[in-house]
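The residues making up each chain are set out below.
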Amino acid sequence: MQIKIKKASHISEAEVTPKHLFMNRRHFIQASAAAGALGSILPPGKAAAGMKLPGITQTAYGNGLEQTKYEDVTSYNNFYEFGTGKSDPANNAQNFQTKPWQVSIEGAVAKPGVVDFDDLIKPHKLEERIYRFRCVEAWSMVVPWVGIPLADVIKRFEPTSKAKYVAFETLVDPERMPGQKRAILNWPYVEGLRMDEAMNPLALLAVGLYGEELPGQNGAPIRLVVPWKYGFKSIKSIVAIRFVEKMPPTTWNMSASSEYGFYSNVNPEVSHPRWSQAKERVIGQGYFSAKKETLKFNGYAEEVASLYSGMDLAKYY
Amino acid sequence: MKRETAIRRVAKPVIFAVCLIPLAWIALRAIVIGDLGANPVETVNRFLGDWAMRLLIVTLMVSPLVHLSGSSIPVRFRRMLGLFAFFYATLHIANYVVADQFFNWADIWADIVKRNFITIGMLTFIILLALAVTSPKAMIKRLGGKRWRRLHQTVYIAAIGSVFHYIMMIKADFLIAGTHGAVLAGLLIYRVIRRMQKPERAENTRRRTPRPLVA
């Protein structure tokens, strides 16, 4: 009888650690080490959705608005970096690593540099603001965001007189953002605001919702919220903020310029070429519910209409 | 006679039941599982539209199946498949009229006139309606084989219309719509090639028996 003694290299397929487990482990070790080295105040690991944010100041923004359920806000998302289906982001962003996270401040500023997430946020007071959120697809939510005014952050880095626009950029990492494995959009996702829009008190850099850290599907760890514009302007998972002289390119505008303009202010009078923007479906109202009339500037005309005085909003859509 | 019994008593009821699975599934999700999500109107709308389009494409698979298998049996199920495509298209539109627009006829009319993808969707539905109405065997006699057949050839327009209706609504990701479009294109190309290869046989078949093409 022949006795076979296996060599160590003759390991069977089944005994090899599956690649995804191996990769996860590597990510975990890398993330832990990096987080430790940077002395992050928060524990390492996955995007800790559900972690309470401390010291939130309440504001009067959105008092009286009926908030969309947490479950709906975190399960119905357009975030193509994690897939194009509405539930794809919630499914695919569960283990999205956001610690450590850095944001690069670039361009026409006196104090450029790469800033750690905690250092970006720490000097500011977290505020809760309840904002209407209107998607270009004609649905809407009301979200209690937690964040810091964008204007306060911008002032810290001291933009020069050449800073006419602010450009934002989302992370590119197809391993962590599996939707980026296909060129559905021109990655990285980029967005931009005119400087006066960015300095408007309504513009928020959100780091949480419902008093908790942002879940991955909602743009963890830091995203823009500009409630008077269609949702796609509120860029998620930001890794770069760039101050520029010329109007920066924006992703959906590059994808279909006749449908998505740079401004993309919510406007019931200006239709999307393929559908009306006059009404919106309010998320969470159930199967038998009427649509609601969309408000100009999503109901924030008082705060922002003056930014566009004299502009033809049908031309500058 | 035995084969006839098998078709009538077994195969037809089985295919009928299979065609009802999507409806049963969405009903189960709505009532029992409760996972229609944050926007149930949209979920139901997409689901029903997908299945109307899909069954229309399946209906167009019958002829190639007959040619390739050499058996005429699949033709016996074609009307049922076509009527199920119409059935899901009807539910799709009912969902749009009732749940999405809530009988707001002014908005519905504005959509049909102004929005190209809805215009095409409605034209597609009108074709399917005409085919469904003329689907009983008695209608072949009433219209005359030639006219009936010509009318039912508009199923190709309806199938192309349904895929365009879908593609024209999409913002960026064309993968699923494109897959359906590719299958439909394959079925149409198959017919063109077949016609070019055997023009005589195609002619003869047409003269001999006006077989129901779809419904």
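Anything mentioned here points back to the structure above.
Residues numbered from 1 in each chain as written. Chains lettered and ligands numbered in written order. Predicted model: local features only at pLDDT ≥ 70, side-chain atom pairs only at ≥ 80, totals over all residues. Heavy atoms only, no water.

### As for the overall build of chain A
In step 1: Helices and strands together make up the secondary structure of chain A, namely eight helices and 13 strands.
In step 2: Across the 317 residues of chain A, 52% fall into the buried class.
In step 3: Counting only carbon and sulfur atoms, one obtains 55% of the accessible surface of chain A, whose full area is about 14,800 Å². (Helix = DSSP H or I, 4+ residues; strand = E, 2+ residues; numbered from the N terminus. Buried < 20%, exposed > 50% of the residue type's maximum accessible area, 1.4 Å probe, protein only. Areas by Shrake-Rupley, 256 points an atom, 1.4 Å probe, with all protein chains shown as cover.)

### What to know about the overall build of chain B
In step 1: Secondary structure assignment for chain B yields 11 helices and zero strands.
In step 2: The order of helices and strands in chain B, counted from the N terminus, is α-α-α-α-α-α-α-α-α-α-α.
In step 3: By residue count, 43% of the 215 residues in chain B fall in the buried class.
In step 4: For chain B, restricting intrachain contacts to residue pairs at least 6 apart in sequence, the fraction spanning at least 24 positions comes to 70%.
In step 5: For chain B, the accessible area works out to roughly 11,900 Å², and carbon and sulfur atoms hold 69% of it. (Contact = heavy atoms within 4.5 Å.)

### Considering helix α6 (residues 116-133) of chain B
Residues and elements named next belong to chain B.
In step 1: In a regular helix each residue adds 1.5 Å, so 18 residues correspond to 26 Å; α6 covers 26 Å between its end C-alpha atoms and thus fits that length.
In step 2: Every buried residue belonging to α6 is among F117, I118, G121, M122, T124, F125, I127, L128, L131 and A132, and all of these are buried.
In step 3: Of the surrounding elements, those touching the buried residues of α6 are α2 (40-59), α4 (78-100), α5 (105-114), α8 (145-152) and α9 (155-167). (Expected span 1.5 Å × (residues − 1).)

### Focus on the pattern of salt bridges
A pair can form between side chains of opposite charge whenever their charged atoms are brought close.
In step 1: Applying the stated rule across the entire model yields 25 salt bridges over all chains.
In step 2: Notably, a salt bridge pairs A:R274 with A:E259, separated by 2.7 Å at the nearest N-O pair. One end of the pair, A:R274, is in the loop between α7 (251-255) and β12 (279-282); the other, A:E259, is in the loop between α7 and β12, with 15 residues separating them in the sequence.
In step 3: Overall, A:R274 belongs to the buried group, its relative accessible area being 15%.
In step 4: Classification of A:E259 by relative accessible area gives buried; the value is 15%.
In step 5: Because the salt bridges share partners, they merge into one network encompassing A:K86, A:E137 and B:K171. (Salt bridge = Lys/Arg side-chain N within 4 Å of Asp/Glu carboxyl O.)

### A few points about the interface of chain B and chain A
In step 1: The interface is formed by 21 residues belonging to chain B together with 28 residues belonging to chain A.
In step 2: Contact between chain B and chain A buries roughly 2,100 Å² in total, counting both sides, with carbon and sulfur atoms accounting for 49%.
In step 3: Three residues, B:A38, B:R115 and B:K171, lead the burial of chain B against chain A; their summed loss comes to 34% of the area buried on that side.
In step 4: Listed by contribution, the elements that provide at least two residues to the side of chain B that touches chain A are α2 and α4 of chain B.
In step 5: It is α2(B) that provides the largest number of residues to the side of chain B that touches chain A, a total of four residues.
In step 6: Considered class by class, the residues forming the side of chain B that touches chain A number 11 nonpolar, four polar and six charged. (Buried area = accessible area lost by both parts, 1.4 Å probe. Nonpolar A, V, L, I, M, F, W, Y, C, P; charged D, E, K, R; others polar.)

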